[in-house]
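# Examination of the molecular architecture
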Amino acid sequence: DAWSKRLRGRNFITCEDIDIPAINRELAYISLLGCEDGQFRFRLAGTGLQHIFGGEARGKATGEIDICKGGLMWGELVSRCMLRAVPVSGMTKLSDGSVHFWLRLPLSSNGVEADMVLCHDRYLPQEALADPDRAAMRAVAATNHRRLDG
């Protein structure tokens, strides 16, 4: 909703259109991808993704991060989102039983064309299929608890 309210007749929003307070609770799971030399590269990756990505992803190509390798949502579907300026979303069950909920939204740095993709990714336990919102809140609480203990 925060994204679609800012379209203003376009198929994408600009970086300036991002309403940080509207997505504040999910910022840790947001990343920005740009295309450089035919590769999608992380321009930004939220802290909630670091344990999934195995560390800081900023500056790395999606092919350099194990969990992103071969994933349609990190390659072909990111490309479709950016080139066609259409949102793409889905859910992928992972081999360990967890579930990856993902969203790709076209984004523009210049206001003329979509040249980046705003990504929202949540990796949640299988019980998330019954109630994704509740599972997401539990995952945030567990992460916050680990931060306080560490």
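Our subject is the structure that appears above.
The following paragraphs examine the structure supplied in this document. Residue numbers run consecutively from 1 along every chain, following the written order of its sequence. Selection of residues for local features in this predicted model requires a pLDDT of at least 70, selection of side-chain atom pairs for listing and counting requires 80 or more, and totals for whole chains, interfaces and linings are taken over all residues. Excluding hydrogens and water, the side-chain values take into account all heavy atoms of the structure.

## Section: the overall build of the protein chain
By the criteria applied, helices consist of DSSP H or I runs no shorter than four residues and strands consist of E runs no shorter than two, each listed in order from the N terminus. Broken down by element type, the protein chain carries 4 helices and 6 strands. Starting at the N terminus, the α and β elements of the protein chain follow one another as β-α-β-β-α-α-β-β-β-α. With the C-alpha coordinates aligned to their principal axes, the bounding extent of the protein chain is approximately 45 × 30 × 30 Å. Considering the protein chain as a whole, with its 150 residues, one finds that 40% of them fall into the buried category. Element-wise, carbon and sulfur atoms account for 51% of the exposed surface of the protein chain, whose accessible area totals about 8,500 Å². Both charge centroids of the protein chain, one from 19 positive and one from 19 negative side chains, sit 3 Å from each other. When a residue's accessible area, from a 1.4 Å probe over protein chains only, is under 20% of the maximum for its type it is buried; when over 50% it is exposed; and in between it is partly exposed. In short, Shrake-Rupley with a 1.4 Å probe defines the accessible areas, and a residue's cover is counted only from the protein chains shown. His is not counted, nor are the chain ends; Lys and Arg add positive charge and Asp and Glu add negative charge. Charged groups are reduced to one reference atom each: NZ for lysine, CZ for arginine, CG for aspartic acid, CD for glutamic acid.

## Focus on the nonpolar core
Note on terminology: a nonpolar core comprises buried Ala, Val, Leu, Ile, Met, Phe, Trp, Tyr and Cys residues joined through side-chain atoms within 4.5 Å. Ranked by internal contacts, the top residues of the largest apolar core, which has 25 residues, are Leu33, Phe42, Phe53 and Trp74. Of all elements in the fold, only strand E3 (39-45), helix H3 (76-84) and strand E6 (116-124) reach the threshold of two or more residues within this core. When residues of this core are assigned to their parent elements, the largest contribution, 4 residues, is made by H3. Any two residues whose heavy atoms approach within 4.5 Å are treated as being in contact. Residues contacting Phe42, with those up to four places away along its chain left out, are Ser31, Leu32, Leu33, Phe53, Ala57, Arg58, Gly59, Lys60, Thr62, Ile65, Cys68 and Trp74. Counting residues in hydrophobic clusters, the runner-up holds 9 residues, among them Ile30, Leu32, Leu107 and Met116.

## Focus on the environment of Ser79
Structurally, Ser79 is set in helix H3. Put simply, Ser79 and Met116 are 37 residues apart on the chain and 9.5 Å apart in space, counted from C-alpha to C-alpha.

## Quick notes on the side chain of Arg6
Checked against the element boundaries, Arg6 lands in the segment before strand E1 (13-14). Pairs of N or O atoms are called polar contacts if they sit within 3.5 Å, as long as, within protein, a hydrogen donor faces a hydrogen acceptor (for residues adjacent in sequence, only side-chain-to-side-chain pairs). At 3.0 Å, the side chain of Arg6 and the backbone oxygen of Asp17 are in polar contact. A distance of 2.7 Å separates polar atoms of two side chains, one belonging to Arg6 and the other to Asp19. Residues contacting Arg6, with those up to four places away along its chain left out, are Ile13, Asp17 and Asp19.

## Details of the pattern of salt bridges
Salt bridges, as used here, are contacts in which a Lys or Arg side-chain nitrogen is within 4 Å of a carboxyl oxygen on Asp or Glu. Per the counting criterion, the structure on display carries 10 salt bridges. Residue Arg41 is joined to Glu36 by a salt bridge in which the shortest nitrogen-to-oxygen separation is 3.6 Å. Look at Glu36 and you get partly exposed, because its relative accessible area is 34%. One salt bridge connects Arg80 with Glu76, and the closest N-O pair in it is separated by 3.5 Å. Residue Arg80 and its partner Glu76 are located together in helix H3, separated by 4 residues, close to a single helical turn. Several salt bridges converge on common partners, so that one network encompasses Arg8, Arg10 and Asp17.

## Points about the layout of surface pockets
Where empty space is left becomes clear once a probe the size of a water molecule has been rolled over the atoms. Grid points spaced at 1 Å and placed over the protein atoms alone form the basis of the search, with a cavity being a set where a 1.4 Å probe fits but cannot get out and a pocket an open set showing protein on both sides within 12 Å along at least five of seven lines. Lining residues have an atom within 4 Å of a point. Grid points are joined across faces, edges and corners, and a volume is the space filled by probe spheres set on the points. In this structure, the largest pocket encloses a volume near 360 Å³. Lining the largest pocket are 17 residues, and of these Ala2, Trp3, Ile23, Leu103 and Leu105 lie nearest its centre. Listing elements by their share of the lining of the largest pocket, those giving two or more residues are helix H1 (20-23), strand E5 (99-108) and E6. Residues are grouped as follows: nonpolar covers Ala, Val, Leu, Ile, Met, Phe, Trp, Tyr, Cys and Pro; charged covers Asp, Glu, Lys and Arg; every other residue, Gly included, is treated as polar. Residue composition of the lining of the largest pocket, by class: 10 nonpolar, 2 polar and 5 charged.

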